[in-house]
Number of protein chains: 2
Amino acid sequence: MAGTDTKRTPKVYLIRHSETEWSKSGQFTSSTDLELTPNGVERITVLGEKLHTIINFDKIKYIFSSPRRRAKDTKDLIFNKKDLEHCNFIVDDDLKEWEYGQYEGLLTKQILAMRKEQGLGESWNIWNEGCKNEFNPKAESTEEIGFRLWKFIKKIQRIQEAGMQTKENCDIVIFAHGHCLRYLAALWFMSVNLCNKFDKGLIEGPSEVNGCAKLVKLVDNNMDIFDFKNKFVEENYLDESFRIKDQEKLPYYVHLIDNPWFMLDAGGVTCLSYSHHSIKEPSLKLNLLEL
Amino acid sequence: MAGTDTKRTPKVYLIRHSETEWSKSGQFTSSTDLELTPNGVERITVLGEKLHTIINFDKIKYIFSSPRRRAKDTKDLIFNKKDLEHCNFIVDDDLKEWEYGQYEGLLTKQILAMRKEQGLGESWNIWNEGCKNEFNPKAESTEEIGFRLWKFIKKIQRIQEAGMQTKENCDIVIFAHGHCLRYLAALWFMSVNLCNKFDKGLIEGPSEVNGCAKLVKLVDNNMDIFDFKNKFVEENYLDESFRIKDQEKLPYYVHLIDNPWFMLDAGGVTCLSYSHHSIKEPSLKLNLLEL
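What you see is a predicted model, and the numbers here were worked out from it, not measured in a lab.

Q: Is there a simple way to explain the sheet that holds strand β3 (residues 88-91) of chain B in this structure?
A: Read across the sheet, seven strands follow the order β7(A)-β9(B)-β8(B)-β1(B)-β4(B)-β2(B)-β3(B) without closing on themselves; strand pairing throughout is mixed. The outermost strands of the open sheet, each flanked by one partner alone, are β7 (262-263) of chain A together with β3 of chain B. Of the strands in this sheet, β7 of chain A together with β1 (12-16), β4 (171-176), β8 (269-274) and β9 (282-285) of chain B are in contact with helix α7 (residues 178-190) of chain B, which crosses β1(B) at around 155°.

Structure below.
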């Protein structure tokens, strides 16, 4: 097996918020702004102590959070004031949980019963079918959450690409939600082969599918991805050196069409990185815990 | 998001052996029986202390290891005598590293140069092309390593299926190698949709491919997977209650055809489990570190 790279490759830590009453009961929770339970507070505090022995907090440059208080409170219980001295903290709407619409607050079995009554069938694959339909128009489709998480990924990969060039610390920590973080992790690496083919001109979106994810070419509605100005931002802002860079547009995005078969429990932590120290090879780092 | 399951779902921890001279230098290491470096010994000892604060060692029933000393020595440095009182330790040939043949001891760039000279092209995807070819007949193809790792997965899933039924602890720890563990993790969850389709009679091997893995139906050469008798076994053996069960045959197996885009550094640790407490839904647990 290949040995240790002498260059330090940046990492992205994903942390799911700690326990709420609804995460405990299994109710779908997106926009409802619940607080952590006392048990959730206690356990995330213990986790924070363990994280300080495993993660090198000095390497962290940016902390991103969903706008929901359960995510922000989880961050406050893990990061102390000293940890934050060299970090920028950014609240980003792209990290909010999947918009469930009328499924908000329901249990899976209740959603299945509702869909059956609406004539939408007896089974439901949220990754492929999403939540939006004629009965639930305010919910998000898998294309919609896929698009905003793709935008978010491109933002942080640009930050880390710059960090690799300047050899500055640019580890990132993200506080968000169960579905949204599993989706993000799957896009991070399941899309690699699709993107490689598109970049080499071998395929054009949206016709090509690899069994896990679908690529969509953006022509008219390509989006600026580096305009943070309209974001709700707390505490610190990004570096000036980063902020003044030109806007960048997305030529395409990828969304899921298959279940990522990932688990991420309340308070769970995992890690993303890049193979061969290359921004073009986003990888899932199987080992959070390492030497 | 769905809440915490009240039943305890078994876990499989994957631990890559600690540093050797060749893992440090990046030389391909399969059958060469290297020892750990002093640095590798020191760092895996520190990791073992951390693991004792994160993993519940009392839940572990079986420890499997590759036959190589770097894997077994890593196990000895993590597990102390007390940890092992309730565990069975099994050395399993199915966990040996990919057989590289004539690539053994070489660096990636040396292998690429050799293959170019042999007229095998300038690029090389080990996951798809494997190591076996007319110039390297004693090496393993991706089908061969895929088959033995599939057998191994079926063995441990049978142990855990029984444990879920009897509600006995049946967590498993595996000590092995970089390529082999990444392959195993990819098979664990990338094969789910292929297997579901096969089990429902929707596809027949080997024609169906999902972009990541390929399913092969076994007709004449279906293999007994639960005959441990010919294995080299150390310390304890499996429970009598498990050993006397009927042999089971494999109706099919799955091997990789695509890069799993996973990273697992020397001494790295990750975790596999099952979604919805179901043996039919093997999943990658993104969070090794949890509440």
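Q: What is the right way to look at the sheet that holds strand β7 (residues 262-263) of chain B in this model?
A: Two strands in a sheet stick together by hydrogen bonds in their backbones, pointing the same way (parallel) or opposite ways (antiparallel). The mixed open sheet is built from seven strands, whose spatial order is β3(A)-β2(A)-β4(A)-β1(A)-β8(A)-β9(A)-β7(B). In this open sheet, the two edge strands, each paired with only one partner strand, are β3 (88-91) of chain A together with β7 of chain B. Note: strand β1 (residues 12-16) of chain A against strand β4 (residues 171-176) of chain A, five bridges, orientation parallel. Note that in β4(A) the partner of Arg16(A) across the bridge is Ala176(A).

Q: Looking at this structure, how should I read the relation of the copies chain A and chain B?
A: Of the transformation placing chain A onto chain B, the axial shift is 0.0 Å and the rotation is 180°, giving an RMSD of 0.0 Å. The superposition operator between the copies reduces to a two-fold rotation axis. Mapped onto chain B, 100% of the interface residues of chain A are again interface residues, and the two copies thus contact each other with one and the same surface.

Q: I tried to follow the pairing of strand β8 (residues 269-274) of chain A on my own but got confused; where do I start?
A: Every regular strand shows the same layout, with side chains that alternate between the two sheet faces. Residues and elements named next belong to chain A. Burial within β8 is extensive, with six of its six residues counted as buried. Every second residue of β8 is oriented toward a common face, with Val269, Cys271 and Ser273 on one face and Thr270, Leu272 and Tyr274 on the other, all of them buried. Relative to β8, β1 runs antiparallel, the two being bridged by four bridges. Bridge assignment links Leu14 to a residue of β8, and that residue is Thr270. Pairing of β8 with strand β9 (residues 282-285) involves three bridges; the strand directions are antiparallel. When the bridges of β9 are listed, Tyr274 appears paired with Pro282.

Q: Got a minute to help me understand the interface of chain A and chain B in this structure?
A: Interfaces are often described in size by the accessible area the parts lose on coming together. Between chain A and chain B, the residue contacts involve 60 residues of the former and 60 residues of the latter. Here chain A meets chain B over a buried area of about 4800 Å², counting both sides, of which 60% is carbon and sulfur. For the interface between chain A and chain B, the tally reads two salt bridges. Across the chain A-chain B interface, the total number found is 14 residue pairs in polar contact (both at pLDDT 80 or more).

Q: How do you make sense of the UniProt feature "binding site: substrate" (unreviewed entry) in chain A when you look at a structure like this?
A: All names here are of chain A. Cross-referencing UniProt, the feature "binding site: substrate" (unreviewed entry) maps to Arg70, Glu97, Trp98, Glu99 and Tyr100 in the present numbering. Relative to the helices and strands, Glu97 resides in the loop between β3 and α4 (108-117). You can call Glu97 buried: its relative accessible area is 1%. Along the chain, Trp98 turns up in the loop between β3 and α4. Once residues lying within four places of it in the same chain are set aside, the contact partners of Trp98 are Ser30, Ile126, Trp127, Gly130, Cys131, Glu140, Ser141, Thr142, Ile145, Arg148, His179 and Tyr183.

Q: Would you mind going over the environment of Leu95(A) with me for this structure?
A: All names here are of chain A. Mapped onto the fold, Leu95 is located in the loop between β3 and α4. Note on Leu95: relative accessible area 0%, which makes it buried. Spatially, the C-alpha atoms of Leu95 and Leu181 are 8.4 Å apart, while their sequence positions differ by 86 residues. Among all residues touching Leu95, those that are not within four sequence positions of it are Phe64, Ser65, Ser66, Arg148, Phe152, Ile174, Ala176, His177, Cys180 and Leu184.

Q: Can you help me understand the environment of Glu134(A) in this one?
A: Considering the arrangement of structural elements, one finds Glu134(A) in the loop between α5 (126-129) and α6 (142-166). For the pair Glu134(A) and Gln118(A), spaced 16 residues apart in sequence, the C-alpha separation works out to 9.7 Å.

Q: I keep staring at unusual backbone geometry and nothing clicks. Help me out?
A: One can expect most non-glycine residues to show negative phi and most peptide bonds to be in trans. Residues and elements named next belong to chain A. A positive phi is found at Lys167, a non-glycine position, where the angle reads about 60°. For Lys167, the location among the structural elements is in the loop between α6 and β4. By relative accessible area, Lys167 is classed as exposed at 74%. The phi dihedral of Trp261 is positive, around 50°, even though this residue is not glycine. Its place among the elements puts Trp261 in the loop between β6 (252-256) and β7.

Q: Would you take a moment to explain the packing of aromatic side chains for this structure?
A: Working definition: an aromatic ring pair is given by the centre-to-centre distance plus the angle between the planes. All names here are of chain A. Applying the stated criterion to the full structure yields 32 aromatic pairs over all chains. When the centroid spacing of 6.1 Å and the interplanar angle of 45° are considered together, the rings of Trp127 and Tyr183 count as tilted. One end of the pair, Trp127, is in helix α5; the other, Tyr183, is in helix α7 (residues 178-190), with 56 residues separating them in the sequence. Here Trp127 matches Tyr183 in class, with each residue buried.

Q: Is there a simple way to explain the pairing of β9(B) in this structure?
A: Neither face of β9(B) is exposed, since Pro282(B) and Leu284(B) on one face and Ser283(B) and Lys285(B) on the opposite face are all buried. Alignment of β7(A) against β9(B), held across two bridges, turns out to be parallel. Its bridge partner being in β9(B), Phe262(A) is matched across the sheet by Leu284(B).

Q: Mind showing me how you'd approach the environment of Arg68(A) here?
A: Locating Arg68(A) in the fold gives a position in the loop between β2 (60-65) and α3 (69-78). Between the alpha carbons of Arg68(A) and Lys96(A) there is a distance of 7.2 Å; along the sequence they are 28 residues apart.

Q: Help me understand the confidence of the model for chain A in this model?
A: Low pLDDT marks stretches whose predicted atomic positions should not be read closely. All names here are of chain A. Overall, the prediction assigns chain A a mean pLDDT of 86, with 87% of residues at 70 or greater. Between residues 1-5, whose pLDDT stays under 50, and residues either more than four places distant or in other chains, the model counts 21 contacts. Between residues 229-237, whose pLDDT stays under 50, and residues either more than four places distant or in other chains, the model counts 22 contacts.

Q: Whenever I open this one, the UniProt feature "active site" (unreviewed entry) in chain A confuses me. Can you help?
A: Residue and element names in this part refer to chain A. Under the present numbering, the feature "active site" (unreviewed entry) in UniProt falls on His17 and Glu97. The greatest C-alpha distance among the residues just named is 11.1 Å, despite their covering 81 residues of sequence, which places them together in space. Looking at where His17 falls in the secondary structure, it is placed in the loop between β1 and α1 (21-25). A relative accessible area of 5% means that His17 is categorised as buried. Among residues more than four places away in sequence, those in contact with His17 are Ser23, Arg70, Ala71, Thr74, Ala176, His177, Ala266 and Gly267.

Q: What exactly am I supposed to notice about the pattern of salt bridges here?
A: A pair can form between side chains of opposite charge whenever their charged atoms are brought close. Per the counting criterion, the structure on display carries 30 salt bridges over all chains. The partner of Arg115(B) in a salt bridge is Glu129(B), with the nearest N and O atoms 3.4 Å apart. Remark: Glu129(B) occurs in helix α5 (residues 126-129) and Arg115(B) occurs in helix α4 (residues 108-117); sequence separation between them is 14 residues. One connected set of salt bridges, linked through shared partners, spans Asp92(A), Asp94(A), Lys151(A) and Lys155(A).

Q: What's the story with helix α2 (residues 38-54) of chain B in this structure? I'm lost.
A: The periodicity of an α-helix, 3.6 residues per turn, causes residues three or four places apart in sequence to face the same way. Spanning 17 residues, α2(B) covers 25 Å between terminal C-alpha atoms, matching the ideal 24 Å at 1.5 Å per step. Taken together, the buried positions of α2(B) are Gly40(B), Ile44(B), Leu47(B), Gly48(B), Leu51(B) and Ile54(B). One side of α2(B) carries all its buried residues, which in axial view fall inside an arc of 120°. In α2(B), the exposed residues that point more than 90 degrees away from the buried face are Pro38(B), Glu42(B) and Glu49(B). Buried residues belonging to α2(B) abut α2 (38-54) of chain A together with β1, α3 (69-78) and β8 of chain B.

Conventions used here
- Residues numbered from 1 in each chain as written.
- Chains lettered and ligands numbered in written order.
- Predicted model: local features only at pLDDT ≥ 70, side-chain atom pairs only at ≥ 80, totals over all residues.
- Heavy atoms only, no water.
- Pairing = 2+ DSSP bridges.
- Helix = DSSP H or I, 4+ residues; strand = E, 2+ residues; numbered from the N terminus.
- Contact = heavy atoms within 4.5 Å.
- Axes fitted to C-alpha atoms, helices over the stretch in contact; angles between N-to-C directions.
- Least-squares fit on C-alpha atoms with pLDDT ≥ 70 in both.
- Buried < 20%, exposed > 50% of the residue type's maximum accessible area, 1.4 Å probe, protein only.
- Buried area = accessible area lost by both parts, 1.4 Å probe.
- Salt bridge = Lys/Arg side-chain N within 4 Å of Asp/Glu carboxyl O.
- Polar contact = N/O pair within 3.5 Å; in protein donor to acceptor, adjacent residues only side chain to side chain.
- UniProt positions renumbered as here; feature names shortened; annotations may be inferred.
- Phe/Tyr/Trp six-rings, centres within 6.5 Å; stacked < 30°, edge-to-face > 60°.
- pLDDT = per-residue confidence, 0-100.
- Expected span 1.5 Å × (residues − 1).
- Arc of directions from axis to C-beta.

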